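What the coordinates show
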Amino acid sequence: MNLNISSSSSSSSCSSSSDDEQVFEMVVNLPRPRTFRNRFNPLENYDDLDFKTRFRLTKNTFMVLLSAVGNDLEHYTNRNYAIVPEVQLLIALRYYATGAFQAVLGDHIQVHKSTVCRIVKRVSKRLACLRPLFINMPKNQNEKQEVQIGFYRTNNFPRVIGAIDCTHIRIQSPNSDIGEQFRNRKGYFSFNVQAVCNSKMEIMNIVARWPGSVHDSTVFDNSLLRAQFENNEYDGCFLLGDGGYPCRSYLMTPLLNPTTYSEKKYQKAQIGTRNVIERVFGVLKRRFPVLSVGIRTKPSTALTTIVATAVLYNILLKQNDEMPLNEQQLDNNLLEELPALPVRQIGNVVRNDVIETYFS
């Protein structure tokens, strides 16, 4: 009898232990309960100076920007804790202003990093959609003359409608199959982004779609802007480019070896007038450091981010929203003069005529 009681007791104990283990495993594997954190609102918690330092614009400009995109960022849902447009825009601006990891940005505003990822993509798309309103080449004769007069007042170079150049925006390698297409001549992965500006440092045209291995002249040759100049839509007007571009009848580049007084005068005026596009890139990258430290999103989102920051840059110019005083010094490392291309320059005749007519 005692043996039977002992055996029954042992069997019951084993069964109870097994049940406890199953219950424990079920509890451990339960999904984490959903939590809602109290979100930090920088509009309420920062004064004007701290706000501008962290988000690269004033609160007044922020409200102007919010009025332009806020309705499109609204979540029309009955669910609780939907992120309001103000916070969405602040998250994207903080990303542009730092280039930080999304988990870090989420900790700052008190949202999850996956939410930050979706918000940055959504806000960037909405800002990029404003491109036709804020990034435009001169459309009529009056606008063209205004741009030409602005350039002429800087270094007496006539008929200039824009300064053109390319800059590399650092990104992470897309993947092992196509990654090397994005490695530029400096050895890192990037997009080669072309822009045209006026004398007021406003961006009038931007092309953001080419990998870093592509040369500046290739970007221009395959752009809509070149087709417009070839079709005489800007007849009698000049673009000014550096030595990375071939000389054409509408694209004036530096001389290889200026010798005469007229050629040296032309060279000084050309370089001095074109320098504005270099300053634009410098200010753009300091205003939005994500463009210099590197964009860590997939290529399509990175391109949207580039266009979105260009739109923001022009909006800030129109609002006279200047950089913080301690960040206005120009970084000379951003300015790199390319040597003139030793290729067939089909615009030499026009360039020589300009030199003889205006600089002799």
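Presented here is a report on the structure given in the accompanying data block. What you see is a predicted model, and the numbers here were worked out from it, not measured in a lab.

A short note on the overall build of the protein
Helix and strand counts for the protein come out as 15 helices and 5 strands. When the 360 residues of the protein are sorted by exposure, 46% land in the buried category. For the protein, the exposed surface amounts to about 19,400 Å²; the carbon and sulfur share of it is 49%.

Here's the deal with the nonpolar core
Leu93, Tyr96, Leu127, Phe157, Leu239, Ile295 and Ile306 are the most contacted members of the largest nonpolar core, which has 97 residues in total. Examining the composition of this core, we find that 11 residues originate from one element, helix H14 (residues 299–318), more than from any other. Once you skip the residues sitting within four places of it in the chain, Leu239 turns out to touch Ile161, Gly162, Ile164, Val196, Phe220, Leu225, Phe229, Tyr250, Leu251 and Met252.

Some words on the pattern of salt bridges
Within the structure shown, the criterion is met by 7 salt bridges. Taking the shortest distance from any N to any O, the salt bridge between Lys200 and Glu146 comes out at 3.3 Å. With Lys200 in the loop between strand S2 (190–197) and strand S3 (203–211) and Glu146 in helix H9 (residues 141–155), the pair connects residues that are 54 residues apart, well separated along the chain. For the salt bridge of Glu230 with Arg226, the shortest nitrogen-to-oxygen distance reads 3.3 Å.

Some points on the sheet that holds strand S4 (residues 238–240)
Overall, mixed pairing links the 5 strands, which are arranged S3-S2-S1-S4-S5 in an open sheet. Each end of this open sheet is capped by a strand with a single partner; those strands are S3 and strand S5 (251–252). Judged from the 6 bridges that link them, S2 and S3 form a sheet pairing that is antiparallel. Considered in S3, the bridge of Val196 is made with Asn205. Each of strand S1 (160–170), S2 and S3 is contacted by H14, which is oriented at about 165° to S3, the strand it contacts most.

Let's talk about the side chain of Arg287
Here Arg287 is to be found in helix H12 (residues 261–287). Buried within the structure, Arg287 lacks any salt-bridge partner; its nearest side chain of opposite charge belongs to Asp321, at an N-O separation of 4.1 Å. Within the local environment of Arg287, its side chain forms a polar contact with the backbone oxygen of Arg56, the two atoms lying 2.5 Å apart. Sequence-distant contacts of Arg287, that is, excluding residues within four places in its chain, are made with Arg56, Leu316, Asp321, Glu322 and Met323.

Here we look at the pairing of S1
Within S1, 10 of the 11 residues are buried, leaving the element largely enclosed by the surrounding structure. Examined bridge by bridge, S1 and S4 share 3 bridges and lie parallel to one another. Within S4, the position partnered with Ala163 by the bridge is Leu240. Pairing between S1 and S2: 8 bridges, direction antiparallel. By the bridge assignment, Ala163 is partnered in S2 with Cys197.

Brief notes about the packing of helix H5 (residues 85–98) against H14
Contact pair H5 / H14: the axes reach a minimum separation of 12 Å and the direction vectors enclose 95°. Here H14 runs roughly perpendicular to H5, going by the angle between their axes. On the side of H5, the interface is formed by Leu93, Tyr95 and Tyr96, while H14 contributes Thr305, Ala308, Thr309 and Leu312.

What about the packing of H5 against helix H7 (residues 113–128)?
It is at 9 Å that the axes of H5 and H7 come closest, and there the two elements cross at 90°. Compared by their axis directions, H5 and H7 come out roughly perpendicular. Facing H5, whose interface residues are Gln88, Leu89, Ile91, Ala92, Tyr95 and Tyr96, H7 presents Val116, Ile119, Val120, Arg122, Val123, Ser124 and Leu127. By residue class, the composition of the contact of H5 with H7 is 10 nonpolar, 2 polar and 1 charged.

What about unusual backbone geometry?
Of note in this structure, Arg159 is not a glycine but carries a positive phi near 65°. Relative to the helices and strands, Arg159 resides in the loop between H9 and S1. Relative accessible area serves as the criterion here: at 31%, Arg159 is assigned to the partly exposed category. The backbone of Asn232 shows a phi angle near 65°, a positive value even though the residue is not glycine. By the secondary structure assignment, Asn232 is in the loop between helix H11 (224–230) and S4.

A few points about the packing of aromatic side chains
The full count for this structure, using the stated rule, is 12 aromatic pairs. An angle of 90° between the planes, with centres 6.1 Å apart, marks the rings of Phe220 and Tyr245 as edge-to-face. Taken together, the residues Phe220 in helix H10 (residues 216–221) and Tyr245 in the loop between S4 and S5 connect sequence positions 25 residues apart. A residue is classified by how much of its surface remains accessible, and Tyr245, at 1% relative accessible area, is buried. Among the aromatic residues, ring-to-ring pairing joins Phe220, Phe229, Tyr234, Tyr245 and Tyr250 into one connected group. In this structure, Arg54 packs its charged tip against the face of Tyr46, placed 4.5 Å from the ring centre.

So, how was this worked out
Chains are numbered independently. Their residues run from 1 in the order of the written sequence. This being a predicted model, a pLDDT of at least 70 is required before a residue's local features are given, and a value of 80 or more before pairs of side-chain atoms are given or counted; all residues contribute to the totals for chains, interfaces and linings. Computation of side-chain values: all heavy atoms of the structure, hydrogens and water removed. Numbering of helices and strands starts at the N terminus; helices are DSSP runs of H or I of at least 4 residues and strands are runs of E of at least 2. When a residue's accessible area, from a 1.4 Å probe over protein chains only, is under 20% of the maximum for its type it is buried; when over 50% it is exposed; and in between it is partly exposed. Note on areas: Shrake-Rupley with a 1.4 Å probe; residue coverage comes only from the protein chains shown. In plain words, nonpolar cores are sets of buried Ala, Val, Leu, Ile, Met, Phe, Trp, Tyr and Cys residues tied together by side-chain atoms within 4.5 Å. Working rule for contacts: check all heavy atoms of both residues, and any pair within 4.5 Å makes them a contact. The rule for a salt bridge is simple: a side-chain nitrogen of Lys or Arg has to be within 4 Å of a carboxyl oxygen of Asp or Glu. Here, any two strands with at least 2 DSSP bridges between them count as paired. The angle between two axes is taken between their N-to-C directions and runs from 0 to 180 degrees, where each axis is a line fitted to C-alpha atoms and a helix contributes only its stretch in contact. Asp and Glu count as negative and Lys and Arg as positive, but His and the ends of the chain are not part of the count. Pairs of N or O atoms within 3.5 Å make up the polar contacts considered here, provided that, within protein, one atom can donate a hydrogen while the other can accept it, and that residues adjacent in sequence are counted only when both atoms are side-chain atoms. The labels follow the angle: roughly parallel below 35 degrees, roughly antiparallel above 145, roughly perpendicular from 65 to 115, and oblique for the rest. Side-chain classes are defined by residue name, with Ala, Val, Leu, Ile, Met, Phe, Trp, Tyr, Cys and Pro counting as nonpolar, Asp, Glu, Lys and Arg as charged, and the others, Gly among them, as polar. Pairing of aromatic rings covers Phe, Tyr and the six-membered ring of Trp, with a centre-to-centre limit of 6.5 Å; geometry is then stacked below 30 degrees between planes, edge-to-face above 60, and tilted otherwise. Lysine and arginine charges are scored as sitting over a ring when NZ or CZ, respectively, is within 6 Å of the ring centre and within 35 degrees of the ring normal.

Purely spatial values, then, with no claim about function.
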